[in-house]
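Here are the chains, one letter per residue:
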Amino acid sequence: MSKSIQFNTAGINRFRDLIIKSLIEITKPKGIYEKVDEKILKIEGLKQNKEQTIYGEVLENIQVIENSLKFVASIKQGQKTGLFLDQRKNRKIVSSYIQRGFKILDLFSNSGGFGIYCLKKGADFVEFVDVSQVAVSQIEENCKLNDFKNYKAIKEDAFDYLNNLNKKFNLIIIDPPAFAKTKKEKVGAIKGFQFLVINSIKALEENGYIAVFSCSHHITEEDLKKVLLFASQKTGKRIVIIEKLMQDLDHPYLLNSPPSFYLKGFLVKVI
Ligand SMILES: C[S@@+](CC[C@H](N)C(=O)[O-])C[C@H]1O[C@@H](n2cnc3c(N)ncnc32)[C@H](O)[C@@H]1O
């Protein structure tokens, strides 16, 4: 199996050669591809390496089985490792609330993880929205792989999509990229979340669900709760928290490193 690796801090970069050597020795990969975030490397004062295969051979697409569902992952072109593995557990939890006849809106869907789990659980229809053409092509491929036809994959900005929306859903998933990569960006990020949650509430059928996530360390669980409370007041709807969600186990939350608790989310029922 091919591996994807990324060095994002000057500290961990000191162990670069040891980590790569150990990965090769222990996991015997077919190939290793190094991903690069130029902005972060600049902040850390690290050499600007190019994204490239640093060991063996890495195929354009690999197939991954997650909880008996098939996904293609593009290590080279896709975001992160090609699949957002940190949401694996949450995809299972959120989709366990699907009832017969449910219509789902998967906003910021990337390769369609949440929506595809919902289709497997018997959802009537899923509308996927992502601004990236690579993501939309992957959704189409993933739906084909799992033999799902009751979906639509839309390449659009999620904010524009919500602004023009005139249909209703039973569950809306909101999983945007990190809106606040720095503390300075926090105010704008909160406003973005308020818009997304308020407009999603307006697009919900009676007793509908919203799963909302933030993958930025700067937006705390408390911030996300305040966004929900604000949206509840603005729309006059009551919001019940059904599940508190966080990153899956292989993205450890180290107590002595608060930024390692980066992914937080809530599944709520709007009544
Ligand atoms: C955190 S990922 C979503 C992961 C996904 N839920 C999953 O389970 O694989 C965020 C996604 O938002 C997309 N995105 C970023 N800005 C966007 C925007 N303004 N409108 C729609 N999609 C956007 C990115 O292309 C990326 O695929």
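Residues numbered from 1 in each chain as written. Predicted model: local features only at pLDDT ≥ 70, side-chain atom pairs only at ≥ 80, totals over all residues. Heavy atoms only, no water.

What about the sheet that holds strand 11 (residues 239-246)?
Link 1 in the chain: Read across the sheet, seven strands follow the order 8-7-6-9-10-12-11 without closing on themselves; strand pairing throughout is mixed. Single-partner strands in this sheet number two, and they are strand 8 (151-155) and strand 11. Geometrically, the sheet is characterised by an average inter-axis angle of 15° between neighbouring strands, direction not taken into account.
Link 2 in the chain: Sitting on the sheet, helix 5 (residues 113-120) is in contact with strand 6 (103-107), strand 7 (125-130), strand 8, strand 9 (169-174) and strand 10 (204-214), with an inclination near 175° to strand 7.
Link 3 in the chain: Docked against the sheet, helix 9 (residues 221-235) engages strand 10, strand 11 and strand 12 (264-270), running at close to 25° with respect to strand 12. (Pairing = 2+ DSSP bridges. Helix = DSSP H or I, 4+ residues; strand = E, 2+ residues; numbered from the N terminus. Axes fitted to C-alpha atoms, helices over the stretch in contact; angles between N-to-C directions. Contact = heavy atoms within 4.5 Å.)

A closer look at unusual backbone geometry
Link 1 in the chain: Backbone geometry places Asn 67, a non-glycine residue, at a positive phi of 45°.
Link 2 in the chain: You will see that Asn 207, though not glycine, has its phi angle at about 55°, which is positive.
Link 3 in the chain: In this structure, Asn 207 sits in strand 10.

Some words on the pattern of salt bridges
Link 1 in the chain: The final tally for this structure, using the stated rule, is 12 salt bridges.
Link 2 in the chain: The partner of Glu 25 in a salt bridge is Lys 21, with the nearest N and O atoms 3.6 Å apart. Here the residue Glu 25 and the residue Lys 21 both occupy positions in helix 2 (residues 16-27), the gap between them amounting to four residues, near one helical turn.
Link 3 in the chain: For the salt bridge of Asp 147 with Lys 149, the shortest nitrogen-to-oxygen distance reads 3.5 Å. A single burial state applies to Asp 147 and to Lys 149, both of which are exposed.
Link 4 in the chain: Residues joined by salt bridges that share partners form a network here, namely Arg 88, Asp 248 and Asp 250. (Salt bridge = Lys/Arg side-chain N within 4 Å of Asp/Glu carboxyl O. Buried < 20%, exposed > 50% of the residue type's maximum accessible area, 1.4 Å probe, protein only.)

Considering the state of the cysteines
Link 1 in the chain: Under the criterion given, the structure shown has zero disulfides.
Link 2 in the chain: The structure places no disulfide on Cys 118, whose sulfur is separated from the nearest cysteine sulfur, that of Cys 143, by 11 Å.
Link 3 in the chain: The buried category is assigned to Cys 118, whose relative accessible area is 0%.
Link 4 in the chain: The buried category is assigned to Cys 143, whose relative accessible area is 0%. (Disulfide = S-S within 2.5 Å.)

Topic: the site of the ligand
Link 1 in the chain: Every one of the 16 residues lining the ligand counts as a neighbour, but Arg 91, Asn 110, Asp 130, Ala 158 and Asp 175 are closest to it.
Link 2 in the chain: Asp 130 has a polar side-chain atom sitting 2.7 Å from an oxygen atom of the ligand.
Link 3 in the chain: Within the side chain of Asp 157, one N or O atom sits 3.1 Å away from a nitrogen atom of the ligand.
Link 4 in the chain: Across the complex, the protein chains shield 91% of the 610 Å² of accessible surface that the ligand would expose by itself.
Link 5 in the chain: Of the residues contributing to the shell around the ligand, the split by class is seven nonpolar, four polar and five charged. (Near = heavy atom within 4 Å. Polar contact = N/O pair within 3.5 Å; in protein donor to acceptor, adjacent residues only side chain to side chain. Areas by Shrake-Rupley, 256 points an atom, 1.4 Å probe, with all protein chains shown as cover. Nonpolar A, V, L, I, M, F, W, Y, C, P; charged D, E, K, R; others polar.)

Structural notes on the side chain of Ser 95
Link 1 in the chain: Looking at the secondary structure, you find Ser 95 in helix 4 (residues 88-95).
Link 2 in the chain: Within polar-contact distance, the side chain of Ser 95 engages the backbone oxygen of Lys 92 at 3.2 Å.

Details of the sheet that holds strand 3 (residues 52-56)
Link 1 in the chain: Overall, mixed pairing links the three strands, which are arranged 1-2-3 in an open sheet. Edge positions in the sheet fall to strand 1 (2-5) and strand 3, since each of these pairs with one other strand and no more. Direction aside, neighbouring strands of the sheet carry axes that sit 25° apart on average.
Link 2 in the chain: Pairing geometry for strand 1 and strand 2 (residues 31-34), over four bridges, is parallel. Of the residues in strand 2, the one forming a bridge with Ser 4 is Tyr 33.
Link 3 in the chain: Running over the sheet, helix 2 touches strand 1, strand 2 and strand 3 and is turned about 160° from strand 1.

Let's talk about the packing of helix 8 (residues 186-202) against helix 9
Link 1 in the chain: The contact between helix 8 and helix 9 brings their axes to 9 Å, and the two run at 45°. When the axis of helix 8 is compared with that of helix 9, the two are oblique. Along this stretch, helix 8 crosses helix 9, giving a crossing that reads as right-handed. On helix 9, the residues touching Lys 186, Ile 190, Phe 193, Gln 194, Val 197, Ile 198 and Ile 201 of helix 8 are Asp 223, Leu 224, Val 227, Leu 228, Phe 230, Ala 231, Lys 234 and Thr 235.
Link 2 in the chain: Looking at side-chain class alone, the contact of helix 8 with helix 9 contains 10 nonpolar, two polar and three charged residues. (Parallel < 35°, antiparallel > 145°, perpendicular 65-115°, else oblique. Left-handed = near helix turned anticlockwise from the far one by under 90°.)

A few points about helix 8
Link 1 in the chain: For helix 8, built from 17 residues, the straight-helix expectation of 24 Å at 1.5 Å per residue is met to within 8% by its first-to-last C-alpha distance of 24 Å.
Link 2 in the chain: Three or more residues of helix 8 are buried, namely Ala 189, Ile 190, Gly 192, Phe 193, Gln 194, Leu 196, Val 197, Ile 198, Asn 199, Ser 200 and Ile 201. (Expected span 1.5 Å × (residues − 1).)

So, the domain arrangement of the chain
For interface size, the figure often reported is the accessible area lost on association.
Link 1 in the chain: With domains assigned, the chain is organised as domain 1 (2-56) and domain 2 (79-270).
Link 2 in the chain: Taking only C-alpha atoms into account, the centre of domain 1 sits 29 Å from that of domain 2. (Domains from an automatic or database assignment.)

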